[in-house]
Amino acid sequence: MPEHKCDCENPLVPGIVEVIDIKDETPDVKSFFVRSVDGGVPFNVMPGQLGMVSLMPVGEGMYSVSWQEEQEYLQFAIKRVGLMTDELHRIEVGQKLGVRGPYGNGFPVEECKGRDMLFIAGGIGLAPLRSFIKYCFKHRRDYGRIQIIYGSRSYNDLCFKDELFDKWPREQDTEVYTTIDNPEAAWDGHVGFVPAYLEEISPSPEGKIAVVCGPPIMIKFVLQSLEKMGYGDEQVISTLEMRMKCGIGKCGRCNVGSEYICLDGPVFTLAQLKKLPPEW
Amino acid sequence: MQILSKSKLNAALDLLSRQAELFVPLARGEESGYYPWKSYQAGSDQLMLDALNVMLPPKGVVFPQTERIYSFTGNDKGVEIKESFENHDPRIIFGIRACDTAALDCFDDVFLTMGYVDSLYAARRENTTIIAHACYRPGDNCFCAAMGIDPTEPTKADVIIRDTGDAYIWESKTDKGDKLTAALSSLLEDREAAAPEMQAFKHQVDYEGVAEKLKDMFEHSIWDELSQTCQTCGICTYVCPSCYCFDIQVKSWGDEGYRFRCYDSCMYPEYTQMAGGHNPRGDSRERFRNRFLHKLEFFKERYGKPLCTGCGRCIVACPAGIDITQIIKQIKEADTSAGA
């Protein structure tokens, strides 16, 4: 690991950004588009990296950056689940926020070049994967066939619908599979949980990298399904979530075994996950 | 060699206290810990240089229980960071033992290495001078040697003092130590004296191979049994010289406020409680296991040394009588054949 020397700027102090747009993704997920008050992005991120967003005076929370658009903005797709996110969902365009980062290792975008990509997500778990999916489309020739399997509780809860149903299926050599947990009158698509749908589609492991994110229970079942389908431990990548405070591997709480999710993760291969205690 | 006679100790402490904020081990009422010498009250406080371990460790000198990070003003119109705090005050810790300097060694690993330097810690640490007190008579709960520590040669010390009965041998180890030695020159004598003989540890602990054995014991049934009496009160983490986990919180009034950090404890469910309800260490057995694995296995994997320095404070403080040396022993003796 590189040893950063301190120029004695405090890594716990955020930069200030302005919310330039807010978009409703689902009834409880909003995308916040932020730009540094000095112009540009507060920092450059790679797909899968994290940013600590602070709404003063309420609190701070760690979120995956679901996209960086050049030097224009960072996008955070955030689900309303607690005190901080509840307040965040009430802010309006023009609100100033603190942001610090980037944190974490991010997805191995270089190592995946030349491979077919299988993205498997549940619920808000698509937010971190989306940064990698969009990266693949941006560098389309570097990656092979792209398959996206995404499920949610209901149609309303599916995030990024315009991309899911319109933009992504029109990308070259790309298939998007969506599913919802329970039948709905207006839904004529697949109904069922993601792991079962994955086994139904049964994408061949040959030449493929599978990237998984969702609720911990979904991740665990999907990992089992992938193993059953013949995916090797190095072919499967997941991104984990734990409570975080510092983001720099010091405050202690986001450890899984001797690894810190904020610093050594959040992205791990299944081979790495198998060496860690199953405590996530 | 240089000698500080005990008759000149108070004069030396007064002098050091004029160089920097001086922390000394004191018994104060029901408590004992490292307090500023300038707050010493001759009637009610007692200097505890002979005691093996005052109850509260000296970690607060470099890592205060609460510490402001930055202040801000903020509302729906705008947000401004007003001040980013850093404390560069010079300070001296006097009389710290080898277990506690070894714990500072662990703190240095956490806060100064592995990707990021924690600037708040770095500023305090850089301006701290350590006058360590070599131990020759291990206490009832001491087991530092079992954790790889030589109690007679405290690491990270700028000066080491050794008790000869009526005086201390004064050994400067670093440039910082030399500066203090120069400041104290009028009180130091140049004569020979013998350091005491090292006495045997009363508490025999064998940590050899424990970190390695624990790698295969995450799912072992031993954790059910060991954690049964733990009340997850967190006192072990509070008195521990090497426990460093912290929380970041906010204090605000109107549009103003500041963000600060404060001690946290892995014993509390809130420590890993996520918004939305998921908690990877929601039950006390999981928290208990994580604490001991962190101490005895994970930290060693990451930094090459255990996160326990054998000071014995948690053994005394635990209301349920949980004894880390007994845990080490039971791990050593545990059956790890399949199905255990």
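Just above sits the structure.
Residues numbered from 1 in each chain as written. Chains lettered and ligands numbered in written order. Predicted model: local features only at pLDDT ≥ 70, side-chain atom pairs only at ≥ 80, totals over all residues. Heavy atoms only, no water.

Participant: Whenever I open this one, empty space enclosed by the protein confuses me. Can you help?
Facilitator: The gaps of empty space that remain are located by a probe, the size of a water molecule, rolled over the atoms. All names here are of chain B. Under the definition given, this model contains 8 cavities of 30 Å³ or more. Of the voids in this model, the largest cavity is the one considered here, and its volume is about 160 Å³. Every element with two or more residues in the lining of the largest cavity is listed here: helix 7 (235-239) and helix 8 (284-303). Among the elements that make up the lining of the largest cavity, the one with the highest residue count is helix 8 (3 residues). Considering only residue class, the lining of the largest cavity consists of 13 nonpolar, 3 polar and 2 charged. (1 Å grid on protein atoms, 1.4 Å probe; cavity = no way out; pocket = protein on both sides within 12 Å on 5 of 7 lines; lining within 4 Å. Points joined across faces, edges and corners; volume = space filled by probe spheres on them. Helix = DSSP H or I, 4+ residues; strand = E, 2+ residues; numbered from the N terminus. Nonpolar A, V, L, I, M, F, W, Y, C, P; charged D, E, K, R; others polar.)

Participant: Is there a simple way to think about unusual backbone geometry in this case?
Facilitator: Peptide bonds are trans in most cases, and residues, glycine excluded, mostly fall at negative phi. Residue P57 of chain A is bonded to the preceding M56 of chain A through a cis peptide linkage, with omega at 5°. Along the chain, P57 of chain A falls in the loop between strand 3 (50-55) and strand 4 (59-64). In this structure, the amide linkage connecting G101 of chain A to the following residue, P102 of chain A, adopts the cis form with an omega of 0°. At S202 of chain A, a residue that is not glycine, the phi angle is positive and equals roughly 45°. Looking at where S202 of chain A falls in the secondary structure, it is placed in the loop between helix 4 (194-201) and strand 12 (208-213). For S202 of chain A, a relative accessible area of 39% translates into the label partly exposed. The backbone of N53 of chain B shows a phi angle near 75°, a positive value even though the residue is not glycine. (Buried < 20%, exposed > 50% of the residue type's maximum accessible area, 1.4 Å probe, protein only.)

Participant: Even after reading the chapter, I still don't get the interface of chain A and chain B, so can you show me in this structure?
Facilitator: Buried accessible area, meaning the area lost when the parts come together, often serves as the stated size of an interface. Across the contact, 48 residues belong to chain A and 54 residues belong to chain B. Buried surface at the junction of chain A and chain B, both sides included, amounts to about 4300 Å², of which 57% is carbon and sulfur. When residues of chain A are sorted by the area they lose upon contact with chain B, M56, K250 and E279 of chain A head the list and together hold 17% of the total. Remark: the boundary between chain A and chain B carries 6 salt bridges. R289 of chain B is paired through a salt bridge with E279 of chain A; the nearest N and O atoms lie 3.4 Å apart. For the interface between chain A and chain B, the tally reads 22 residue pairs in polar contact (both at pLDDT 80 or more). (Contact = heavy atoms within 4.5 Å. Buried area = accessible area lost by both parts, 1.4 Å probe. Salt bridge = Lys/Arg side-chain N within 4 Å of Asp/Glu carboxyl O. Polar contact = N/O pair within 3.5 Å; in protein donor to acceptor, adjacent residues only side chain to side chain.)

Participant: What is the right way to look at the sheet that holds strand 5 (residues 66-74) of chain B in this model?
Facilitator: Strand pairing within a sheet occurs via backbone hydrogen bonds; the two strands may be parallel or antiparallel. Residues and elements named next belong to chain B. Read from one edge to the other, the open sheet built from 4 strands follows the order 6-5-13-12, with strand pairing classed as antiparallel. Each end of this open sheet is capped by a strand with a single partner; those strands are strand 6 (79-84) and strand 12 (246-253). Neighbouring strand axes in the sheet, compared pairwise and without regard to direction, differ in orientation by 25° on average. Of the strand pairs in this sheet, strand 12 and strand 13 (residues 256-263) are connected by 8 bridges, and their pairing is antiparallel. Residue pairing across strands places S252 opposite G257, the latter belonging to strand 13. Packing of helix 3 (residues 119-126) onto the sheet brings it into contact with strand 5 and strand 13, and relative to strand 5 it is tilted by some 135°. (Pairing = 2+ DSSP bridges. Axes fitted to C-alpha atoms, helices over the stretch in contact; angles between N-to-C directions.)

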